[in-house]
Amino acid sequence: MTHSLVCPETVSRVSSVLNRNTRQFGKKHLFDQNEETCWNSDQGPSQWVTLEFPQRIRVSQLQIQFQGGFSSRRGHLEGSQGSEALSKIVDFYPEDNNSLQTFPVPAAEVDQLKVTFEDATDFFGRVVIYHLRVLGERV
């Protein structure tokens, strides 16, 4: 059964936070299911989110809701098991809008993921994400 794999024990990291204001724009807002909050990156050529899961997972989908005007034109998902180096799983190409977008992921068993956002639609390279969901099942 496919369900959200991010849990309280999942360790997340982000490339940056706008003006280092983690209270208003921090990574916790990616997963809080609140329509009023978001992660807002600072400017830069690419932004990323890493996730370390407490156990091995099998990913099947990635869901992302950007703020229109602050999305990326392309991204990629990487994963690894244990202390292995990250390897690319899939490229994805988001649309620049406010809708929740779903990207299929070829079945991959990992305990670490890195989602990288490149070619931001914002002139300064900022990315704004309201929801980030990793769907699949625990192995």
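The coordinates are above.
Here the structure is a predicted model, which is why all the values come from computation and not from measurement. (Residues numbered from 1 in each chain as written. Predicted model: local features only at pLDDT ≥ 70, side-chain atom pairs only at ≥ 80, totals over all residues. Heavy atoms only, no water.)

A. Expanded view of the pattern of salt bridges. For the structure on display, the rule yields 9 salt bridges. A salt bridge links Arg56 to Asp111, with the nearest nitrogen and oxygen atoms 3.3 Å apart. In this pair, Arg56 is assigned in strand β4 (residues 46-66) and Asp111 in strand β7 (residues 100-120), connecting sequence segments 55 residues apart. With its nearest N and O atoms 3.7 Å apart, the salt bridge here joins Asp119 to Arg74. Of this pair, Asp119 sits in strand β7 while Arg74 sits in strand β5 (residues 72-80), placing them 45 residues apart in sequence. By relative accessible area, Asp119 is classed as partly exposed at 34%. On the accessibility criterion, Arg74 (37% relative accessible area) is partly exposed. Salt bridges sharing partners connect three or more residues here, namely Arg73, Arg74, Glu118 and Asp119. (Salt bridge = Lys/Arg side-chain N within 4 Å of Asp/Glu carboxyl O. Helix = DSSP H or I, 4+ residues; strand = E, 2+ residues; numbered from the N terminus. Buried < 20%, exposed > 50% of the residue type's maximum accessible area, 1.4 Å probe, protein only.)

B. Highlighting the environment of Arg20. For Arg20, the location among the structural elements is in the loop between β2 (11-14) and α1 (22-25). Taking relative accessible area as the criterion, Arg20 reaches 77% and is therefore assigned exposed. Considered as a pair, Arg20 and Ser72 are 52 residues apart in the sequence and their alpha carbons are 21 Å apart.

C. Layout of the packing of aromatic side chains. Counted under the stated rule, the structure contains 4 aromatic pairs. Aromatic pair Phe92 and Phe117: ring centres 6.3 Å apart, planes at 80 degrees, arrangement edge-to-face. Here Phe117 lies in strand β7 and Phe92 lies in strand β6 (residues 87-92), a separation of 25 residues in the sequence. The class for Phe117 is buried, based on a relative accessible area of 1%. Their ring planes at 85 degrees and their centres at 5.2 Å tell us that Phe123 and Phe124 sit as a pair that is edge-to-face. The exposed category is assigned to Phe123, whose relative accessible area is 76%. In this structure Phe124 comes out as partly exposed when scored by relative accessible area, which is 46%. Grouping aromatic residues by their ring pairs yields a cluster made of Phe66, Phe92, Phe103 and Phe117. (Phe/Tyr/Trp six-rings, centres within 6.5 Å; stacked < 30°, edge-to-face > 60°.)

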